[in-house]
Amino acid sequence: MIKMKKVSKWFGQHQVLNDIDLSLSKGEVVVICGPSGSGKSTLIRTINRLESIQGGRIEVDGDDIYASHLNVNSLRQKIGFVFQQFNLFPHMTVLDNVMFGLVNIQKRSKKESMERARSLLDRVGLLEKINAYPGALSGGQQQRVAIARALAQQPPVMLFDEPTSALDPEMVGEVLQVMKGLAKEGMTMVCVTHEMGFAREVADRVVFMDAGQIQEIADPETFFTSPQHPRAQRFLSDVH
Ligand code: ADP
Ligand code: MG
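Residues numbered from 1 in each chain as written. Chains lettered and ligands numbered in written order. Predicted model: local features only at pLDDT ≥ 70, side-chain atom pairs only at ≥ 80, totals over all residues. Heavy atoms only, no water.

Here is the rule: UniProt positions are given in the numbering used here, feature names are shortened, and annotations may be inferred rather than shown by experiment.
Labelled according to an unreviewed UniProt entry, the protein chain appears under the name Amino acid ABC transporter ATP-binding protein, originating from Halotalea alkalilenta. What the UniProt record of the protein chain gives under Subcellular location (unreviewed entry) is the line "Cell inner membrane".

### Quick notes on the overall build of the protein chain
As a reminder, the rule being used: Labels follow the DSSP assignment, with helices taken as runs of H or I lasting at least four residues and strands as runs of E lasting at least two, numbered in each case from the N terminus. In this treatment the radius of gyration is a C-alpha quantity, and the globule benchmark scales as 2.2 Å times the residue count to the 0.38 power. Throughout, exposure labels follow a simple rule: accessible area from a 1.4 Å probe, protein chains only, divided by the maximum for the residue type, with under 20% read as buried, over 50% as exposed, and the rest as partly exposed. In this description, contact between two residues means that some pair of their heavy atoms is separated by no more than 4.5 Å.
Helices and strands together make up the secondary structure of the protein chain, namely 9 helices and 10 strands. A compact globule built from 240 residues should have a C-alpha radius of gyration of about 18 Å, and the protein chain, at 18 Å, falls within 12% of that. Dimensions of the protein chain along its principal axes, counting C-alpha atoms only, are 50 × 45 × 30 Å. Per-residue burial for the protein chain yields a buried fraction of 51% across its 240 residues. Long-range contacts, defined here as pairs at least 24 residues apart, represent 64% of the contacts in the protein chain between residues at least 6 apart.

### Regarding the sheet that holds strand β5 (residues 63-64)
Stated precisely, the cut-off is as follows: Here the rule is simple: two strands pair whenever DSSP picks up at least two bridges between them. Fitted lines through C-alpha atoms give the axes, limited to the stretch in contact for helices. The angle between two N-to-C directions lies from 0 to 180 degrees.
If you walk across this open sheet you meet the 4 strands as β2-β1-β4-β5, and the pairing is antiparallel. Each edge of the open sheet carries a strand with a single partner, namely β2 (14-24) and β5. Inspection of the sheet shows strand β4 (residues 55-60) paired to β5 by 2 bridges, in the antiparallel sense. Note that in β5 the partner of Glu59 across the bridge is Asp64. Along the sheet face, helix α1 (residues 40-47) touches β1 (2-11), β2 and β4 and points at about 125 degrees away from the line of β1.

### Looking at the pairing of β4
Bridge count between β1 and β4: 5 bridges; the pairing is antiparallel. Each residue of the ladder has a partner; that of Lys5, found in β4, is Arg57. The hairpin turn running from β4 into β5, its antiparallel successor, is 2 residues long, and Asp61 in that turn takes a positive phi close to 50 degrees.

### Describing the site of ligand 1
Here is the rule we go by: If a single non-hydrogen atom of a residue is within 4 Å of a molecule or strand, that residue counts as near it. Counted as a polar contact is a pair of N or O atoms within 3.5 Å, where, for protein atoms, one must be capable of donating a hydrogen and the other of accepting one, and residues adjacent in sequence contribute only when both atoms are in side chains. Using a 1.4 Å probe, accessible areas were evaluated by the Shrake-Rupley method; residue-level cover was limited to the displayed protein chains.
Surrounding ligand 1, one finds Phe11, His14, Val16, Pro35, Ser36, Gly37, Ser38, Gly39, Lys40, Ser41 and Thr42. One nitrogen or oxygen atom from the main chain of Gly37 is found 2.7 Å from an oxygen atom belonging to ligand 1. Between ligand 1 and Lys40 there is a distance of 2.8 Å, counted from an oxygen atom to a side-chain nitrogen or oxygen. With the chains in place, 59% of the 560 Å² that ligand 1 exposes on its own is no longer accessible. Within the residue set of the shell around ligand 1, elements represented by two or more residues are β2 and α1.

### Regarding the packing of aromatic side chains
Going by this rule: Aromatic rings from Phe, Tyr and Trp, with only the six-membered ring used for Trp, were paired whenever their centres fell within 6.5 Å, and each pair was classed as stacked if the ring planes differed by under 30 degrees, edge-to-face if by over 60, and tilted otherwise.
Tallied over the full model, the rule gives 5 aromatic pairs. Relative to Phe83, the ring of Phe81 has its centre 4.3 Å away and its plane inclined at 15 degrees; by these criteria the two rings are stacked. By relative accessible area, which is 11% here, Phe81 ends up buried. For Phe83, a relative accessible area of 28% gives the class partly exposed.

### Describing the environment of Gln15
By secondary structure assignment, the location of Gln15 is in strand β2. Each residue touching Gln15, except ones within four places of it in the same chain, is listed here: Ser8, Lys9 and Trp10.

### Some words on the pairing of strand β10 (residues 213-218)
The pairing of strand β9 (residues 205-210) with β10 spans 5 bridges and is classified as antiparallel. If you follow Met209 over to β10, its bridge partner there is Ile214. Between β9 and β10, which pair antiparallel in sequence order, lie 2 residues; one of them, Ala211, sits at a positive phi of approximately 50 degrees.

### So, the side chain of Lys180
Within the secondary structure layout, Lys180 lies in helix α6 (residues 169-184). Among residues more than four places away in sequence, those in contact with Lys180 are Phe198, Glu201 and Val202.

This is the structure:
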């Protein structure tokens, strides 16, 4: 579903991704962790073509996503992206936020869009908030709306960049719960997160990044009980 081959990226003279090789099959969940500045956000953003790359190749669901003829908008229909900051439209209700892409990008009827948006909001536990504005919701609720909005286009792949790091601790669980549900339903997911409990429970593989490189890839059991790379060992003792 996702195939990254020797992906490299520079910001000016600074190489932030160095020969990244990473592939996910359909239904696989990969958690990316590593110290701040190691290139996690840049990596995940390249999968959605939010960054240019200077070397290598990325395929998503069979498309070479940096091919010059590729339509970026249709690519982004295939990939749901959830950011640390929820980026909801503040002047629209929760329902309208979720309906927006269905009506305006996918050109679906109002009725169909509303039905789908309602069912997604039900799925993330927010049916009673459909007429609220984002400003009236907690951070955890806003992030669940953002997930529902990303799911609206029925993407085969979901990317999460530290979706719980801007939340108060008591709201982290409700967002992770929604993500766990998605994973169990077979969504292909790349999640940058420091929630190691989530990684242990849900990830098929854990990727540890440092200095723009993948230093270690392992199944969670192996990664958490016997990390091989000294920097991964240090990272794990810091986050625990
Ligand atoms: P992480 O998400 O692991 O904290 P990032 O991918 O955000 O790391 O950043 C990796 C490196 O790239 C950092 O050194 C950061 O300063 C640099 N960087 C990120 N975005 C930009 C940018 N737009 N311009 C220049 N440097 C950037
Ligand atoms: Mg980041």
